[in-house]
Amino acid sequence: MVAISYDATLVLDLAAAGARFGSRTVLHPVSLRVQRATTCLVHGANGSGKTTLLRLCAGLLSPTGGERWASGPSLYLRPGSGARRRQTVEEALETARTLSGHGRARLGPALEAAMLSPLRKRRVETLSSGQRSRLVIGIALVAAPALVCLDEPSAHLDDEGLSIVRAGVRQLAAVGTAVLIATHDRDLLADRPDARLLVSDGAVTDIGCSGVR
Amino acid sequence: MFWRQVSALVRRDLAVEAATREALATVPPLILAGLLLAGIGFELPPAELAAVAPGLLWLLVLTAAVPLARGVLAAERDDDAWDLLRSLAQPAALLTGKATSLCLQMLIAWGFGAALAVALLGARWPPVAVLAAVLAMPGVATNVTVFGAVLGEHGRPALLTTLILTAGLPALVAGSQAAVSEGAEAWLVLIAVYDVVAIVTAWAIFPALLEE
């Protein structure tokens, strides 16, 4: 078991939490404390357990051992997820906003930040892969829960899309949201992340962070 | 917060239905075909045909609930939208929102079928029969929501149909009898009990159904 913690106000506490599918262990027990307004990159080879770790952190996967505590709602998003195909971009963000309990004032800035304003009346099914990846950032911004877990958010993105992801992550951290990002891109964020996790064969084997307690 | 989430989920589902027209393309033709075939195939005198119409309509509405159940989970999974709902909506709000939108669609289906049954089978609908349908639909929709969440992604329509028809039996019997027999009050009480059992059971088990 690897014990990990990093700084600020706690939004997520995994205590020796692991995951198994049947008899197969897909994530060995890990203890992880995530603080508000922090960013953490999660690296690892395909099939190493990054997605399982993120889904466990987001509360979508119940730990088969140990415990998970979160201070509030957590959101797991991968490119193209989070909206019905026949919804418009605006409807998709509006759903996320209303379910999160935020006021209408959040909608416009989120559309702007994800550069989705010109697409607001377009149906999700008509968006390109890159535009759908930007939609995920828009949803994260309008929901702004305690924790956002982004799974390969840079997939399908051009340079402009990448800068939208970077700005979006910065904005999320600025409003206090903790952001966990699974990615192969070690330079995904323009700013230095608060922590890096390396997942290998279902185990968190390495960490580099600026605020270990 | 609970009711805001319920309202958001209902509006979202109805907007998606307005855009896809999946239910519109499935349910009215099924009910129309069922009533037409019964009228032609049963070869009953008009009075008897009118008498079996309430039960027949309930059977068709319950059958139509099978494709509608796709909207609970299967369609959400297909669009990769289910995780967002699980993450942001309280389990009770998710259950209530999904059941409410199903309930509205099934009530519209029942109303459409009732009007058709008047035209095709000479059915008569006393006010208490309409009241019975309105009262029974929340319980039926709640059961359909639970079964849709359990079986939606496994693609077992035969099992889903069997469960929905079996769990809908009290609504079918009480709803039909309220339309054609004396002493409708007793049937309304049965429907109320059916609703309470369905809703309490669903509230108790639904959070566990959302876990992976």
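Predicted, not measured: the structure shown is a model, and the values here were computed from it. (Residues numbered from 1 in each chain as written. Chains lettered and ligands numbered in written order. Predicted model: local features only at pLDDT ≥ 70, side-chain atom pairs only at ≥ 80, totals over all residues.)

As for the overall build of chain B
Across its full length, chain B holds ten helices and zero strands. Taking the principal axes of its C-alpha atoms as reference, chain B extends roughly 55 × 35 × 30 Å. The buried share of chain B, reckoned over its 212 residues, is 47%. Contacts in chain B between residues far apart in sequence, at least 24 positions, make up 86% of those at least 6 positions apart. (Helix = DSSP H or I, 4+ residues; strand = E, 2+ residues; numbered from the N terminus. Buried ≥ 20, exposed ≤ 12 C-beta atoms within 10 Å, placed from the backbone. Contact = placed C-beta atoms within 7 Å.)

Regarding the overall build of chain A
Of regular secondary structure, chain A possesses five helices and ten strands. Here the C-alpha atoms of chain A give a radius of gyration of 17 Å, agreeing with the 17 Å that 2.2 N^0.38 yields for 213 residues. The buried share among the 213 residues of chain A stands at 53%. Of the contacts formed within chain A by residues at least 6 apart in sequence, a portion of 74% connects residues at least 24 apart. (Rg over C-alpha atoms; globule rule 2.2 N^0.38 Å.)

A look at the packing of helix α7 (residues 127-151) of chain B against helix α9 (residues 169-180) of chain B
All names here are of chain B. Look at α7 against α9: their axes get within 8 Å of each other, and the N-to-C directions meet at 170 degrees. Here α9 runs roughly antiparallel to α7, going by the angle between their axes. In this structure, α7 uses Val128, Ala129, Ala132, Ala133, Ala136, Gly139 and Val140 to contact α9, whose residues at the interface are Ala171, Ala174, Gly175, Ala178 and Ala179. For the contact of α7 with α9, the class distribution of residues is ten nonpolar, two polar and no charged. (Axes fitted to C-alpha atoms, helices over the stretch in contact; angles between N-to-C directions. Parallel < 35°, antiparallel > 145°, perpendicular 65-115°, else oblique. Nonpolar A, V, L, I, M, F, W, Y, C, P; charged D, E, K, R; others polar.)

Regarding the nonpolar core
The biggest cluster of nonpolar side chains holds 137 residues, and the ones touching the most others in it are Ala140(A), Ala65(B) and Met106(B). If you tally residues by element for this core, the top one is helix α6 (residues 91-121) of chain B, at 13 residues. (Core = buried A, V, L, I, M, F, W, Y, C linked by C-beta atoms within 7 Å.)

Comments concerning unusual backbone geometry
Unusually for a residue other than glycine, Met115(A) sits at a positive phi of about 55 degrees. Tracing the sequence through the fold places Met115(A) in the loop between α3 (107-113) and α4 (129-143). Of note in this structure, Asp80(B) is not a glycine but carries a positive phi near 60 degrees. Since 18 C-beta atoms lie within 10 Å of it, Asp80(B) is described here as partly exposed.

What about the confidence of the model for chain B?
Any residue range with low pLDDT should be treated as having predicted coordinates unsuitable for detailed reading. Per-residue pLDDT for chain B averages 91, and the proportion of residues at 70 or more is 99%. Here the predicted complex carries an ipTM of 0.87, next to a pTM of 0.88. (pLDDT = per-residue confidence, 0-100.)

Things to note about the interface of chain A and chain B
In this complex, chain A contributes 24 residues to the contact, which on the side of chain B involves 20 residues. No other element matches the six residues that helix α2 (residues 89-100) of chain A contributes to the side of chain A that touches chain B. Of the residues belonging to the side of chain A that touches chain B, the class tally is ten nonpolar, ten polar and four charged.

What to know about helix α1 (residues 50-58) of chain A
Residues and elements named next belong to chain A. Along α1, nine of the nine residues are buried, which leaves the element largely enclosed by surrounding structure. Burial in α1 covers these residues: Lys50, Thr51, Thr52, Leu53, Leu54, Arg55, Leu56, Cys57 and Ala58. After α1 finishes, the residue Gly59 shows a positive phi value of roughly 85 degrees.

Description of the environment of Arg68(A)
Residues and elements named next belong to chain A. Counting through the fold element by element, Arg68 comes out in strand β5 (residues 65-70). Taking the number of C-beta atoms within 10 Å as the measure of exposure, Arg68 has 18 and is therefore partly exposed. Sequence spacing of Arg68 and Arg33 is 35 residues, and the spatial spacing of their C-alpha atoms is 9.9 Å. The residues contacting Arg68, other than those within four sequence positions of it, are Leu14, Ala17, Leu56, Gly59 and Pro63.

Some thoughts on the packing of α6(B) against α7(B)
All names here are of chain B. Look at α6 against α7: their axes get within 8 Å of each other, and the N-to-C directions meet at 130 degrees. By the angle between their axes, α6 is oblique relative to α7. Note on packing geometry: the crossing formed by α6 with α7 is right-handed. Side by side, α6 and α7 meet where Leu95, Lys98, Ala99, Leu102, Cys103, Met106, Leu107 and Trp110 of the first sit next to Ala133, Val134, Met137, Pro138, Val140, Ala141, Thr142, Val144 and Thr145 of the second. Looking at the contact of α6 with α7 residue by residue, the classes come out as 14 nonpolar, two polar and one charged. (Left-handed = near helix turned anticlockwise from the far one by under 90°.)

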